[in-house]
Amino acid sequence: AFFEYVLQDIGDPDKANYLVIGDSLSSDIDGAVAAGLDCVWFSPKAADAKGRVPTYTVHELPELLSIL
């Protein structure tokens, strides 16, 4: 619901224009996936995604540059 609210508030419903970057599987990644948004999971310790499938996974912040 949070991501849908943000998209409405921004006024641009095209989900292809957004990329959620987060370190929490349960709120950032699950929320982005549920909203149909691409997402990057920041996992510096290379943790197990526990069945979740983020669009991208990075272990160091500089890796974001190649995605953005």
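Reading the values: rules and limits
- Residues numbered from 1 in each chain as written.
- Predicted model: local features only at pLDDT ≥ 70, side-chain atom pairs only at ≥ 80, totals over all residues.
- Heavy atoms only, no water.
- Phe/Tyr/Trp six-rings, centres within 6.5 Å; stacked < 30°, edge-to-face > 60°.
- Buried < 20%, exposed > 50% of the residue type's maximum accessible area, 1.4 Å probe, protein only.
- Helix = DSSP H or I, 4+ residues; strand = E, 2+ residues; numbered from the N terminus.
- Contact = heavy atoms within 4.5 Å.
- Pairing = 2+ DSSP bridges.
- Right-handed = clockwise from strand over helix to strand, strands pointing away.
- Core = buried A, V, L, I, M, F, W, Y, C linked by side-chain atoms within 4.5 Å.

### Looking at the packing of aromatic side chains
Reasoning step 1: Taken as a whole and assessed by the stated rule, the structure comprises one aromatic pair.
Reasoning step 2: Between F2 and F3, the aromatic rings sit 5.3 Å apart at their centres with planes inclined by 75°, giving edge-to-face as the arrangement.
Reasoning step 3: On the basis of relative accessibility, which here comes to 57%, the residue F2 falls in the exposed class.

### Some points on helix 2 (residues 25-35)
Because an α-helix completes one turn every 3.6 residues, residues spaced three or four positions apart along the sequence face the same direction.
Reasoning step 1: Listed as buried for helix 2 are L25, I29, G31, A32 and A35.
Reasoning step 2: Considering only its buried residues, helix 2 is in contact with helix 1 (2-10), strand 1 (19-22) and strand 2 (38-42).
Reasoning step 3: Downstream of helix 2 by a residue or two, G36 has a phi angle that is positive, lying close to 80°.

### What about the side chain of S43?
Reasoning step 1: Here S43 shows up in the loop between strand 2 and strand 3 (56-58).
Reasoning step 2: For S43, a relative accessible area of 4% corresponds to the buried category.
Reasoning step 3: Ignoring sequence-local partners within four residues, the contact set of S43 consists of T57, V58 and H59.

### Section: the pairing of strand 1
Reasoning step 1: Only one face of strand 1 is covered, namely the one carrying V20 and G22; the face carrying L19 and I21 has none of its residues buried.
Reasoning step 2: One ladder, built from four bridges, connects strand 1 with strand 2; its direction is parallel. Bridging across to strand 2, V20 finds its partner in C39.
Reasoning step 3: After leaving strand 1, the chain enters helix 2 and then returns to the sheet as strand 2, a path that is right-handed.

### Focus on the nonpolar core
Reasoning step 1: Of all hydrophobic cores here, the largest spans twelve residues; its members are F3, L7, Y18, V20, L25, I29, A32, A35, L37, C39, W41 and A49.
Reasoning step 2: Of all the secondary-structure elements, those providing two or more residues to this core are helix 1, helix 2 and strand 2.
Reasoning step 3: Of the residues forming this core, the biggest block, four residues, is contributed by helix 2.
Reasoning step 4: Discounting residues that sit within four places of it in the chain, L37 has contacts with F3, L7, K15, Y18, V20 and A32.

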